[in-house]
Amino acid sequence: MRTRWRAGLAAAAVAFALAGCSAAENGASSTADSAGIGPAVPQQGTGKAGQNKVTPPQPGATERKLSRSARLELTATKVVDVVAQARGIAQGAGGYTGQESTGDETATLSLAVPADKLDGVLDQLSHLGTSLVKRELNTQDVTEQVVDVEARLATQRASVDRIRALLARATSVSEIASVESELTSRESALESLEQQRNSLAGSVAMATVAMTIRGVAAPPPAAEDRSGFLGGLAGGWEAFLVFGGGLLTVLGAIAPFLLFVVPLGWLGWWLHRRRRTGVPEPMPGPSES
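Model, not experiment: these values are computed from the prediction.

Chemist: Can you walk me through the side chain of Thr75 in this structure?
Modeler: With respect to the helices and strands, Thr75 occurs in strand S1 (residues 66–76). Polar side-chain contacts of Thr75 include one of 2.6 Å to the side chain of Ser131. Among all residues touching Thr75, those that are not within four sequence positions of it are Gly129, Thr130, Ser131, Val133, Arg214 and Val216.

Here's what the structure looks like:
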């Protein structure tokens, strides 16, 4: 009977401790959410006004966290060559290539480069290909998100440490099971916050460039100067080649017909000549006296 009472009292104590931890965390989280900053630093002093007070940070004192991205659209006569050049520029700046889709007429690729080198990389990429169609640069301030996530991380780590301390003091199986379930839930929330922090840090450290390259026909060659003797000679030669080519084309077109017309014409001429040869000439009549 005493064992049951002890187990019941211990379970009630654990539940009370968990409830206290949850209430403390909710209060700290709501304070951090409403203020947009980390846990407040306690003020130190002797109780007298104006003595030994900690000055709160100014709004502009925190280093700004910026997430930058860009978009480029180019035209090129050889899409594959421009893609290779863009890939080399990104790797030379310490970046890498993400998603890429390349064809004969169009290509799209995503580049990631260090944020402090984005401007120089954009200048190099803008001069690739035939012409620059579009260039966009976007900057997003994520300072408040970074500060908020860091504050939540500090609160969640403290919560996990408290639950681990309760787990170390648990004695019965029911207490251990209850505390372990709560610890798993809070560790999962801590991992989620760490992933958010890492994602924000990555977007601040590396900038992304989305490129679209479209193929265009090569421009026609510049017209040559045909003035003077050499120009006239070149023009006459080209005219002769054109005339000769046309004459050969005509001869090639009538050649099949000549294979039939020439033999038939020769046969007709031979028959006509033979006929004239076989007909006797008329005898001369008597001369008149």
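Now that the structure has been shown, we can carry on.
Chemist: In this structure, what is going on with the sheet that holds S1? I would like to understand it.
Modeler: Pairing between the strands of a sheet is mediated by backbone hydrogen bonds and can be parallel or antiparallel. If you walk across this open sheet you meet the five strands as S2-S3-S5-S1-S4, and the pairing is mixed. Every other strand in the sheet has two partners, leaving strand S2 (96–102) and strand S4 (131–141) as the edge strands with one partner each. Taken pair by pair, the neighbouring strands of this sheet meet at an average axis angle of 10°, ignoring direction. Where S1 and strand S5 (residues 206–215) come together, eight bridges link them in parallel fashion.

Chemist: Is there a simple way to think about the pattern of salt bridges in this case?
Modeler: Applying the stated criterion across every chain, the model contains nine salt bridges. For Asp123, the salt bridge is made with Arg135, and the minimal N-O distance between the two is 3.3 Å. With Asp123 in helix H3 (residues 118–126) and Arg135 in strand S4, this pair connects stretches of sequence that are twelve residues apart. Asp123 sits in the partly exposed class, given a relative accessible area of 39%. For Arg135, a relative accessible area of 40% corresponds to the partly exposed category. In this structure, Arg197 engages Glu150 in a salt bridge whose closest nitrogen and oxygen atoms are separated by 3.8 Å. Taken together, the residues Arg197 in helix H5 (residues 173–205) and Glu150 in helix H4 (residues 143–169) connect sequence positions 47 residues apart. Take Glu150: its relative accessible area is 35%, and that puts it in the partly exposed class.

What counts, and at which threshold
- Residue positions are counted from 1 within each chain, in the order its sequence is given.
- Reporting in this predicted model follows two pLDDT cut-offs: at least 70 for local features of residues, and 80 or more for side-chain atom pairs to be given and counted; totals over whole chains, interfaces and linings ignore these cut-offs and use all residues.
- For the side-chain quantities, the full set of heavy atoms in the structure was used; hydrogens and water were omitted.
- Note on conventions: DSSP H or I runs of at least 4 residues are helices, E runs of at least 2 residues are strands, and numbering of each starts at the N terminus.
- For this analysis, a polar contact is any N or O atom pair within 3.5 Å, provided that within protein one partner can donate a hydrogen and the other can accept it, and provided that sequence-adjacent residues contribute only side-chain to side-chain pairs.
- The contact rule is simple, with two residues in contact once any of their heavy atoms fall within 4.5 Å.
- One requirement defines pairing of two strands: DSSP has to find at least two bridges between them.
- Helix axes are fitted to C-alpha atoms over the stretch in contact, other axes to C-alpha atoms as well, and angles between N-to-C directions run from 0 to 180 degrees.
- When a carboxyl oxygen of Asp or Glu is within 4 Å of a side-chain nitrogen of Lys or Arg, the pair counts as a salt bridge.
- Buried, partly exposed and exposed residues are distinguished by accessible area as a fraction of the type maximum, computed with a 1.4 Å probe on protein chains only: under 20%, between the cut-offs, and over 50%, respectively.

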